[in-house]
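Okay, here's what each chain looks like letter by letter:
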Amino acid sequence: MATISIIGTGNMGQAIGGLVAKGGNTVQQLNTSTADQPVTGDLVILAVPHAALADIVATRGAQLAGKVVVDITNPVDFATFDDLTVPADGSAAAELAEALPQSKVVKAFNTNFAGTLATGSVGAETTAVLIAGDDADAKAAVAGVVEAAGLRAVDAGSLKRARELESLAFLQMTLAAREKLSWTGGFAAVA
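Quick caveat: nothing in here was measured; it's all calculated off a predicted structure.

A.B. asks: Help me understand helix α6 (residues 162–177) in this model?
C.D. replies: Residues separated by three or four positions in an α-helix point in the same direction, a consequence of the helix having 3.6 residues per turn. With 16 residues, α6 extends 22 Å from end C-alpha to end C-alpha; this agrees with the ideal 22 Å at 1.5 Å per step. Among all positions of α6, only A162, R163, L165, E166, A169, F170, Q172, M173, T174 and A176 are buried. In the core, the buried residues of α6 are packed alongside β4 (68–71), α3 (92–99), β5 (104–108), β8 (128–133) and β9 (152–157).

A.B. asks: Can you help me understand unusual backbone geometry in this one?
C.D. replies: Even without being a glycine, F81 presents a positive backbone phi close to 50 degrees. One can find F81 in the loop between β4 and α3. Of note, the phi angle at F109 is positive, near 70 degrees, even though the residue is not glycine. Position of F109 among the secondary structure elements: in the loop between β5 and α4 (114–119).

A.B. asks: Would you mind showing me how to read the sheet that holds strand β2 (residues 26–30) here?
C.D. replies: The pairing of strands in a sheet happens through backbone hydrogen bonds and is either parallel or antiparallel. Read from one edge of the open sheet, seven strands run β2-β1-β3-β4-β5-β8-β9, paired in mixed fashion. Each edge of the sheet is formed by a strand with only one pairing partner; in this case those strands are β2 and β9. On average, adjacent strands in this sheet sit at an angle of 25 degrees to one another, irrespective of strand direction. Sheet topology note: the strand β3 (residues 43–46)/β4 ladder contains four bridges and is parallel. Along β4, the bridge assignment pairs V44 with V69. The strands that helix α2 (residues 53–64) touches are β1 (3–7), β2, β3 and β4; relative to β3, the one it contacts most, it runs at about 175 degrees.

A.B. asks: Help me understand the nonpolar core, please; the structure alone is not making it clear to me.
C.D. replies: As a rule of thumb, nonpolar side chains are buried together in soluble globular proteins. Formed by 27 residues in total, the largest nonpolar core has its most connected members in I16, I45, V70, F109, L117 and V142. For this core, the elements supplying multiple residues, two or more each, are β1, α1 (11–22), β3, β4, β5, α4, β8 and α5 (136–148). In contact with I45, not counting residues within four places along its chain, are I4, S5, I6, I7, I16, V20, V70, I72 and F109. Counting 13 residues, the second-largest nonpolar core is a separate cluster that includes L30, I56, L96 and L100.

The rules we used
- Per chain, residue numbering runs from 1 following the sequence as it is written.
- With the structure being a predicted model, the display of local features is reserved for residues of pLDDT at least 70 and the display and counting of side-chain atom pairs for 80 or more, all residues being used for whole-chain, interface and lining totals.
- Water and hydrogen atoms play no part in the side-chain values, which are based on all heavy atoms of the structure.
- Put simply, DSSP H or I for four residues or longer makes a helix, DSSP E for two residues or longer makes a strand, and each gets a number counted from the N terminus.
- Each helix should span, by expectation, one fewer than its residue count multiplied by 1.5 Å.
- Only protein chains enter the accessibility calculation, which uses a 1.4 Å probe; a residue is then buried when its area is under 20% of its type maximum, exposed when over 50%, and partly exposed in between.
- Note on definitions: a residue-residue contact is assigned when non-hydrogen atoms from the two residues lie within 4.5 Å.
- Strands qualify as paired when DSSP identifies two bridges or more between them.
- Interaxial angle, 0 to 180 degrees, is taken between N-to-C directions of lines fitted to C-alpha atoms, where a helix line uses only the stretch in contact.
- Definition of nonpolar core: a set of buried residues of the types Ala, Val, Leu, Ile, Met, Phe, Trp, Tyr and Cys, connected through side-chain atoms within 4.5 Å.

Here you go:
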């Protein structure tokens, strides 16, 4: 198996770290207090808020060159909770890919709540992780991690689809915030 680096130790970082370990991989957990430690994994998951991406690019961008970088962020305007903070024709993942041209950026895990990753289910359905990216090998690497943990990986297409994934996640979060669905539930993808 492989070493997978996770930058971020919040609920999502912990849930994804559990998946990585469940699949037999080694987890390198990093955060702001471990900035002096190098990123060792060839696959790096950024389990941080969208606003932290610029700092990660500034401090660790050179270390991310040549690696698969997974963006799980949702660029929500938390001041109004009424819109995304990226242009209507763009996405946080596209902006990250532009900032990290030597990395293979993939969008994944952003449409999942931590609870559904930890339990492996959304209601009676197996948790599905939607994956978007332009590099087939990078998407396959992420899908391998997801499937090794017993979850479903669904190829959502090119990195252009990240915009729709971010919109879907935003809708899901607004419904949960309005108590229309549970933070331990969410949307299921049924094949």
